[in-house]
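Coordinate analysis (summary)
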Amino acid sequence: MNGFQQYFYDLAQEYPRWNFIFFYDPTQSDRVIQGLWMTLELSVICVILSVVIGILGAWLQGAPSKTVRIIVQGYIQFFRNTPPLVQLLFFYFALGQFTPTYSPDGWLEVPIISNVGWAIISLSFFAGAFNVEIFRAGIESVPESTQEAAEALCMNRAQIFRYVVFPLAFRVSLPALNNNLVNLVKTTTQALAIAVPELLYQMISIYNDYSTAQYACMLVLFVAYIVLVGILVFGMNHWERKIKVPGYGN
Amino acid sequence: MTTHNWTPDQPLISIRDVHKSFGDLEVLKGITLDVRQGEVICIIGPSGSGKSTLIRCINALNPINSGSIKVEGQEVNDPKLDKLALRKKVGMVFQQYNLFPHKTALENIMMAPVKVLNEPVDEVEQRARKLMKRVNLIGKEDAYPGELSGGQQQRVAIARSLAMNPDVILFDEVTAALDPETVNEVLLAIKDLAQDGMTCILVTHEMGFAREVADHIYFTDRGVIVEHGPPATFFTEASDPRTQEFLSQIL
Ligand SMILES: Nc1ncnc2c1ncn2[C@@H]1O[C@H](COP(=O)(O)OP(=O)(O)OP(=O)(O)O)[C@@H](O)[C@H]1O
Ligand SMILES: [Mg+2]
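Summarised in this report is the structure supplied together with it.

What counts and how
Numbering of residues starts from 1 in each chain and follows the order in which that chain's sequence is written. In the order they appear in the text, chains get letters beginning with A and ligands get numbers beginning with 1. In view of the model being predicted, local features appear only for residues whose pLDDT reaches at least 70, and side-chain atom pairs are presented and counted only at 80 or more, with totals across whole chains, interfaces and linings using the full set of residues. Calculation of side-chain values draws on the structure's entire complement of heavy atoms; hydrogens and water are dropped beforehand. Two aromatic rings, drawn from Phe, Tyr or Trp (for Trp, its six-membered ring), form a pair once their centres lie within 6.5 Å of each other, and the interplanar angle then sorts them: stacked below 30 degrees, edge-to-face above 60, tilted otherwise. Definition used: whenever NZ (Lys) or CZ (Arg) falls within 6 Å of the ring centre and also within 35 degrees of the ring normal, the charge is taken to sit over that ring. A run of H or I in DSSP counts as a helix once it spans at least four residues, and a run of E counts as a strand once it spans at least two, with each numbered from the N terminus. Under the scheme applied here, a residue whose accessible area is under 20% of the maximum for its type counts as buried, over 50% as exposed, and between as partly exposed, the area being computed with a 1.4 Å probe on protein chains only. Near is defined per residue: the residue qualifies when any heavy atom it owns lies within 4 Å of the molecule or strand. In the analysis that follows, any N or O atom pair within 3.5 Å is treated as a polar contact, provided that within protein one partner can donate a hydrogen and the other can accept it, and provided that, for residues neighboring in sequence, both atoms belong to side chains. Accessible surface is estimated by sampling points in the Shrake-Rupley manner with a 1.4 Å probe; for residues, cover comes only from the protein chains shown. We call two residues contacting when some pair of their heavy atoms lies within 4.5 Å. Here the quantity called buried area is the accessible surface, traced with a 1.4 Å probe, that two parts lose on coming together, added over both. A pair is scored as a salt bridge if a Lys or Arg side-chain nitrogen falls within 4 Å of a carboxyl oxygen belonging to Asp or Glu. Residues were grouped as follows: Ala, Val, Leu, Ile, Met, Phe, Trp, Tyr, Cys and Pro as nonpolar; Asp, Glu, Lys and Arg as charged; and all remaining residues, including Gly, as polar. A helix is expected to span 1.5 Å for every residue after the first. In this analysis, strands are considered paired if DSSP registers two or more bridges between them. Here is how to tell: hold the view so the strands point away, follow the path from the first strand over the helix to the second, and if it runs clockwise the crossover is right-handed.

**Overview of the packing of aromatic side chains**
- Under the defined criterion, the tally for this structure stands at 28 aromatic pairs over all chains.
- With 5.0 Å between their ring centres and 85 degrees between their planes, Phe22 of chain A and Phe23 of chain A make a pair best called edge-to-face.
- One aromatic cluster is present, built from ring pairs that chain together Phe4, Tyr7, Phe8, Trp18, Phe20, Phe22, Phe23 and Tyr215 of chain A.
- Here Arg157 of chain A stacks its cationic end above the ring of Trp59 of chain A, 4.0 Å away from the centre of that ring.
- The ring of Phe22 of chain B carries the charged tip of Lys20 of chain B above its face, separated from the ring centre by 4.7 Å.

Right, here's the structure in full:
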């Protein structure tokens, strides 16, 4: 044991409630690191996918076809008005049953979408539904007359969206998007319900095995999420300032 | 593209008996006029008489209900109209400038030629810089619209429209939102274009300007052309009481 490990080992001996077992037991630290990675992976992939879904949905909401608009609206209502935990369980247990399986070793049948896959899908659609609304509000803030000017300059609908409407709407949407993504990162903890080994899942497993580690696990969880969300917020604020245009917005 | 057998000796824009309604409200009630290449026409008339609607029909921002608008022989009132090809020929400048606020002046001018016409960036940039010079805005290339005065923004808007090399430009009360001090700089830019032979259709309340640059003035009221003529006779010989009343209010 090095000094760092020794310190926490001694601490646990002296104050058994503060058993930071993952700081001196390599097996437990591996679990924490794996949990952190999984949480990071879930967060990053879901943030990206949910933003893509948000942009796509907002674009489709302006589509000429009424059917398309109704489908997008239905999607938003479903995901916005039901608890994300129920969505996770529904995706995994209900839809998971119907996913095709494959057999890597010719013996065991494995579904092509794992529980991690379902967590990513369901969380991305969950946050994506809010992002559609957020981007739509941004799009509605772009004056009709600005779009007409682009139209008069020969741009088609896709070009107007890409070069004019979206860049302006995005700037307006960023603060709300920021909030929703923070929420998304925190909601990734619910993937524990379908046994995705993210940070909360690992921490609970650790203190189930070593009950004296419970306080330590809680503390590390808080710190980990404060840091993770802190980085996200810092990055988003930085971005917001960077794309701010003189004389536009507040 | 089909050929329209249009030759420059024919009117560049030919408007015949155009009717346009918004719901139950008939805004244009049979407008007929021609614009020849290199000609500058001014449309004047009281608020709500359908001036904006008329010029927005020319580049198909508003569809018409009946009649015909031909731009270089291409029928605008045609369900199979290639709107982009039409708008390539017809530039437009708006009352509220409508610049893209997230792009600098130079980028505003360059956007459509680069993104829509796929012209090489270097070439477009050179042209854009020349246009900035032409509208007397050297040094403002990297300014965002929010950092420019109304008059400056409107001149950028004119340059942006010119960058597409249109055959005709529509101006819809482009000085109406400006402070009196800046009106002149925009009018000068337009006058410069007109003298260069650009075909222009101007909706304006600037009678002095109309008198100076217009080849032909049309007075519209409640969706019809009440009276028209070259400026020399229009202002002195207007006979219709509505025209006289309007002119007496505005002059
Ligand atoms: N998109 C629209 N939908 C419904 N009515 C419209 C629309 N655009 C214009 N109108 C109506 O059509 C009439 C003519 O409007 P238009 O803007 O062409 O007038 P104008 O001569 O340009 O007036 P101004 O001098 O005030 O600009 C007005 O009564 C206006 O309310
Ligand atoms: Mg008008």
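**Quick word on unusual backbone geometry**
Residue and element names in this part refer to chain B.
- Positive phi, close to 55 degrees, is recorded for Asn118, a residue that is not glycine.
- By the element assignment, Asn118 lies in the loop between helix H3 (105–115) and helix H4 (121–134).
- Here the phi dihedral of Asn165 falls at roughly 50 degrees; this positive angle occurs in a residue that is not glycine.
- Turning to its location among the elements, Asn165 is positioned in the loop between helix H5 (150–162) and strand S7 (168–172).
- Judged by relative accessible area, which is 48%, Asn165 ranks as partly exposed.

**So, the site of ligand 1**
Residues and elements named next belong to chain B.
- Around ligand 1, the structure places Phe22, Leu25, Val27, Pro46, Ser47, Gly48, Ser49, Gly50, Lys51, Ser52, Thr53 and Glu173.
- Ser49 is positioned such that a nitrogen or oxygen atom in its backbone is 3.2 Å from an oxygen atom of ligand 1.
- Residue Thr53 places a side-chain N or O atom 2.4 Å away from an oxygen atom belonging to ligand 1.
- Burial of ligand 1 by the surrounding chains reaches 58%, relative to a free accessible area of 630 Å².

**Re the interface of chain B and chain A**
- Across the contact, 24 residues belong to chain B and 21 residues belong to chain A.
- Around 2000 Å² of area is buried between chain B and chain A when both sides are counted, 71% of it from carbon and sulfur atoms.
- Three residues stand out in chain B for area buried against chain A, namely Phe100, Pro101 and His102 of chain B, and they jointly supply 26% of the buried area on that side.
- Put simply, chain B and chain A have two salt bridges between them.
- Residue Glu148 of chain A pairs with Arg56 of chain B through a salt bridge whose shortest N-O separation is 2.7 Å.
- Across the chain B-chain A interface, the total number found is four residue pairs in polar contact (both at pLDDT 80 or more).
- Where the side of chain B that touches chain A is concerned, the elements lending two or more residues are helix H2 (83–89), strand S6 (90–93), H3 and H5 of chain B.
- Partitioning the side of chain B that touches chain A into residue classes produces 13 nonpolar, five polar and six charged.

**Description of helix H2 (residues 26–61) of chain A**
- The terminal C-alpha atoms of H2 of chain A lie 51 Å apart, and with 36 residues this matches the ideal 52 Å at 1.5 Å per residue to within 8%.
- If you check the start of H2 of chain A, you find a side-chain oxygen 2.9 Å away from the backbone N of Thr27 of chain A, and it comes from Asp25 of chain A.

**Re the pairing of S7 of chain B**
All names here are of chain B.
- Of all five residues making up S7, five are buried, and the element is well covered by its neighbours.
- Relative to S7, S6 is paired through four bridges, and the arrangement is parallel. Bridge pairing in S7 places Val90 opposite Val168.
- Pairing analysis gives five bridges linking S7 to strand S8 (residues 199–203), with the strands arranged parallel. The residue bridging Asp172 from the neighbouring strand is Val203, located in S8.
- For the crossover from S7 across helix H6 (residues 180–195) to S8, the handedness is right-handed.

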